[in-house]
Amino acid sequence: MPKQKISILGSTGSIGVSTLDVIARHPDRYEVFALTAHTQVDKLFLQCQQFQPQYAVLSTPELASVLQERLTLHGISTIALYGAQALCDVATATECDAVMAAIVGAAGLPSSLAAAQAGKRILLANKESLVMSGQIFMDAIAKSGAVLLPIDSEHNAIFQCLPGSYGRKIEHSGISKIILTASGGPFLNRAVETLNDVTPDQAVAHPNWVMGRKISVDSATMMNKGLEVIEAHWLFGAPADQIGVLIHPQSVVHSMVSYVDGSVLAQMGNPDMRTPIAFGLAFPERINSGVASLDLTKFSQLHFRQPDFQRFPCLGLAYQALRTGGSAATILNAANEIAVEAFLAGRLGFRQIESVIEECLNQISSVSLNDLAAILEVDGQARRHALSIVSQVGVQ
Ligand code: NAD
Ligand code: MG
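As the structure is a prediction and not an experimental result, all values here were calculated from the model. Position numbers for residues count from 1 along each chain, tracking the sequence in the order it is written. Written order determines the labels here, with chains lettered from A and ligands numbered from 1. Side-chain atom pairs in this predicted model are given and counted only at pLDDT of 80 or more, local residue features only at pLDDT of at least 70, and totals for whole chains, interfaces and linings cover all residues. Excluded from the side-chain calculation are hydrogens and water; included are all heavy atoms of the structure.

**Here's the deal with the pattern of salt bridges**
One side chain can pair with another of opposite charge once the charged atoms of both are near each other.
Step number 1: The salt bridge criterion pairs a side-chain nitrogen of Lys or Arg with a carboxyl oxygen of Asp or Glu, the two atoms within 4 Å. Within the structure shown, the criterion is met by 16 salt bridges.
Step number 2: We note a salt bridge from Asp-42 to Arg-70, for which the minimum N-O separation is 2.9 Å. Within this pair, whereas Asp-42 is found in helix H2 (residues 41-51), its partner Arg-70 is found in helix H3 (residues 61-73), the two being separated by 28 residues in sequence.
Step number 3: With its nearest N and O atoms 2.8 Å apart, the salt bridge here joins Asp-272 to Arg-274. Helix and strand labels come from DSSP, where a helix needs a run of H or I of at least four residues and a strand needs a run of E of at least two; each type is numbered from the N terminus.

**What about the nonpolar core?**
Step number 1: Within this scheme, the nonpolar core is defined by two criteria: the residues are buried Ala, Val, Leu, Ile, Met, Phe, Trp, Tyr or Cys, and they are joined through side-chain atoms within 4.5 Å. Relative accessibility thresholds used throughout: buried, under 20% of the residue-type maximum; exposed, over 50%; partly exposed, between the two (1.4 Å probe, protein chains only). If you look at the biggest cluster of nonpolar residues, it comprises 96 residues, and the most contacted ones within it are Phe-137, Leu-332, Phe-350 and Ile-357.
Step number 2: No other element matches helix H13 (residues 328-344), which puts eleven residues into this core.
Step number 3: Boundaries of every domain are those given by an automatic assignment or by a domain database. There are two domains that each give this core at least three residues, and those are domain 1 (4-151) and domain 2 (325-396).

**Describing the side chain of Asp-218**
Step number 1: Residue position: Asp-218 is located in helix H9 (residues 213-221).
Step number 2: Overall, Asp-218 belongs to the buried group, its relative accessible area being 1%.
Step number 3: In what follows, a contact means two residues having at least one pair of non-hydrogen atoms within 4.5 Å. In this structure, Asp-218 is in contact with Met-223, Asn-224, Leu-227, Asn-336 and Val-340, ignoring residues within four places of it in sequence.

**Brief notes about the domain arrangement of the protein**
By a frequent convention, interface size equals the accessible area lost on bringing the separate parts together.
Step number 1: Structurally, the protein comprises domain 1 (4-151) and domain 2 (325-396).
Step number 2: Across the contact, ten residues belong to domain 1 and eleven residues belong to domain 2.
Step number 3: Across the domain 1/domain 2 interface, buried area totals approximately 800 Å², and carbon plus sulfur atoms make up 74% of it.
Step number 4: A per-residue breakdown of the area domain 1 buries against domain 2 is headed by Val-131, Met-132 and Ile-136, which together make up 57% of the total.
Step number 5: Summed over the shared surface of domain 1 and domain 2, the number is zero salt bridges.
Step number 6: Each polar contact in these results corresponds to two N or O atoms within 3.5 Å; when the atoms are within protein, one needs to be able to donate a hydrogen and the other to accept it, and residues that are neighboring in sequence are counted only if both atoms are side-chain atoms. Summed over the shared surface of domain 1 and domain 2, the result is two residue pairs in polar contact (both at pLDDT 80 or more).
Step number 7: Secondary structure elements with two or more residues in the side of domain 1 that touches domain 2: helix H5 (109-117) and helix H6 (127-144).
Step number 8: Sorting elements by how many residues they give to the side of domain 1 that touches domain 2 places H6 first, with five residues. Note on terms: buried area is the combined drop in 1.4 Å-probe accessible area of two parts once they are placed together, counting the loss on both.

**Re the site of ligand 1**
Step number 1: Nearness is judged by heavy atoms alone; a residue qualifies as near a molecule or strand once a single heavy atom is within 4 Å of it. Near ligand 1 you find 22 residues, and of these Thr-12, Ser-14, His-38, Glu-128 and Gly-212 are the closest.
Step number 2: Take Ile-15: an N or O atom from its main chain is 2.9 Å from an oxygen atom of ligand 1.
Step number 3: Per-residue and other accessible areas were derived by the Shrake-Rupley procedure at a 1.4 Å probe size, with only the shown protein chains allowed to occlude residues. In the complex, 87% of the free accessible area of ligand 1, which totals 830 Å², lies under the protein chains.
Step number 4: For the shell around ligand 1, the elements supplying multiple residues, two or more each, are helix H1 (14-24) and H6.
Step number 5: Classification convention: Asp, Glu, Lys, Arg as charged; Ala, Val, Leu, Ile, Met, Phe, Trp, Tyr, Cys, Pro as nonpolar; all other residues, Gly among them, as polar. A breakdown of the residues in the shell around ligand 1 according to their chemical character gives ten nonpolar, nine polar and three charged.

**What about the pairing of strand S11 (residues 264-268)?**
Step number 1: For two strands to be treated as a pair, DSSP must find no fewer than two bridges joining them. Examined bridge by bridge, strand S10 (residues 253-259) and S11 share five bridges and lie antiparallel to one another. Note on S11: the bridge partner recorded for Val-253 is Met-268.
Step number 2: Counting the residues between successive antiparallel strands, the hairpin from S10 to S11 contains four residues, one of them, Gly-262, with a positive phi of roughly 100°.

**Re the sheet that holds strand S9 (residues 243-247)**
Two strands in a sheet stick together by hydrogen bonds in their backbones, pointing the same way (parallel) or opposite ways (antiparallel).
Step number 1: Pairing in this open sheet of four strands is mixed, and the strands run S9-S8-S10-S11 from one edge to the other. With partners counted over all chains shown, the strands left at the sheet margins are S9 and S11, one partner each. Taken pair by pair, the neighbouring strands of this sheet meet at an average axis angle of 20°, ignoring direction.
Step number 2: Where strand S8 (residues 175-182) lies against S10, five bridges are found, and the strand directions are antiparallel. Note on S10: the bridge partner recorded for Ile-179 is Met-256. Axes here refer to lines fitted to C-alpha atoms; in helices the fit is confined to the stretch in contact. Angles between the N-to-C directions go from 0 to 180 degrees.

**Quick look at the packing of helix H4 (residues 84-92) against H5**
Step number 1: Across the interface, H4 lies against H5 with an axial gap of 8 Å and an inter-helix angle of 25°. Comparing their axes, H5 and H4 come out roughly parallel. Both H4 and H5 take part in a crossing whose hand is right-handed. On H5, the residues touching Leu-87, Cys-88, Ala-91 and Thr-92 of H4 are Pro-110, Ser-111, Ala-114 and Ala-115. We call two directions roughly parallel when the angle between them is under 35 degrees, roughly antiparallel when it is over 145, roughly perpendicular when it lies between 65 and 115, and oblique otherwise. Handedness of a crossing follows from how the near helix is turned relative to the far one, being left-handed for an anticlockwise turn of less than a right angle and right-handed for a clockwise one.

**Notes on the packing of aromatic side chains**
Geometrically, a pair of aromatic rings is defined through the distance of the ring centres and the angle of the planes.
Step number 1: We call Phe, Tyr and Trp rings a pair once their centres come within 6.5 Å, taking the six-membered ring for Trp, and we label the pair stacked below 30 degrees between planes, edge-to-face above 60, and tilted otherwise. According to the stated counting rule, one finds seven aromatic pairs in the structure shown.
Step number 2: Within the aromatic cluster, the residues linked to one another by ring pairs are Phe-159, Phe-279 and Phe-283.
Step number 3: Over the face of the ring belonging to Phe-45 we find Arg-70, whose NZ or CZ atom lies 5.6 Å from the ring centre. Here, a charge over a ring means that NZ of Lys or CZ of Arg falls within 6 Å of the ring centre while also lying within 35 degrees of the ring normal.

**Things to note about the side chain of Glu-128**
Step number 1: Mapped onto the elements, Glu-128 comes out in helix H6.
Step number 2: A polar contact is formed between the side chain of Glu-128 and the backbone nitrogen of Gly-105, at a distance of 3.4 Å.
Step number 3: Apart from the residues within four sequence positions on either side, Glu-128 is in contact with Val-104, Gly-105, Ala-106, Lys-214, Asn-333 and Glu-337.

**Re the sheet that holds strand S6 (residues 121-124)**
Step number 1: One open sheet accounts for seven strands, arranged S4-S3-S2-S1-S5-S6-S7; its pairing is parallel. Where the open sheet ends on each side, the last strands, each with one partner, are strand S4 (79-82) and strand S7 (147-150). Taking each pair of neighbouring strands and ignoring which way they run, the sheet shows an average axis angle of 25°.
Step number 2: Note that strand S1 (residues 4-9) and strand S5 (residues 98-101) share four bridges and pair parallel. Along S5, the bridge assignment pairs Ile-6 with Ala-98.
Step number 3: The sheet strands contacting H6 are S6 and S7, and the helix crosses S6 at an angle near 165°.

Here you go:
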């Protein structure tokens, strides 16, 4: 069997590193075609040394030339490229069979959409792509015949619990509800009135998962689950009313599908992203991911409860944006990215994240979106609006 050539967009991040860990276990099956990073030259160089990709992409020409010099000095044949177009090029190259889309945030949209249009096998971790441009993204997949495999653990779990023939038509499937589980993050039980005092370090200290800083803050506000509700809507063709969220602090049940006959199918495992990554790489086969099998006897109890929308207003805002439709989810995502960045930089209190997003949703009207240019336009407008709110209400 010829080896699958993989481009890993965002290879220096948490998902990127886990993907390389799985790939390194299966040198007979996979070969790295391209690796990409924003600014982490040192880490990208070490990855190039180990995996010898054809291309490595960084964000600026200066960084790419630093990398190129070092590669040449060490006799490594990898070619260093830079910029947004290079990300799209390595995602769509004829030689590339599969793309791991693991850039964080809106920066990941053009390259993951390009992979969708080019008919690649896409392992989608970058949920923001679907939140910003769900209809356009899914239309591109349908048109090109690309294979879309969800890597987000909840959506991967749901994918595993759906019938093999599921065609995004929930009304004929016997499914009553898709249930996303959520750990509740580090502030599940903290006194609500003290939430605005939390520091960035406290917010990124997730109890069960080790992740990048942005998604860790999203988990603390539960915006992550809100983005995932919207992601599930697009991936599985389910309306907001048929997507539920259950708090499950142990993160053992990764999500569930409830059927009309009373059956509930769940996927379980240790909380380690290498499981959904290995699933995506090998589908429909199964390969070793390096994750130990789940020992249920270690858990005396598994807990489930309804989420508290007062404690986690971001979750409600995401449902609101999904129900509004049009560009509301694009606005929600952009405002969230700006607010989280400001919070991480110490310019915004934790509870002000939700206020910035709410104001943006209330003050910018939703319009219909027909192409990438329209999405980027709304994204830019919402970012500017969010920034102006941050400068008014933020910490001086
Ligand atoms: P991370 O911050 O650890 O890594 C992000 C990667 O994107 C890095 O390689 C970085 O260099 C690159 N990047 C950042 N900004 C960029 C830019 N402007 N241009 C080009 N590249 C850029 O993030 P992560 O935790 O690995 O998450 C990546 C994506 O996967 C996110 O969309 C996240 O929501 C999703 N996801 C992550 C996890 C997880 O466990 N970490 C789980 C589910 C979904
Ligand atoms: Mg998730």
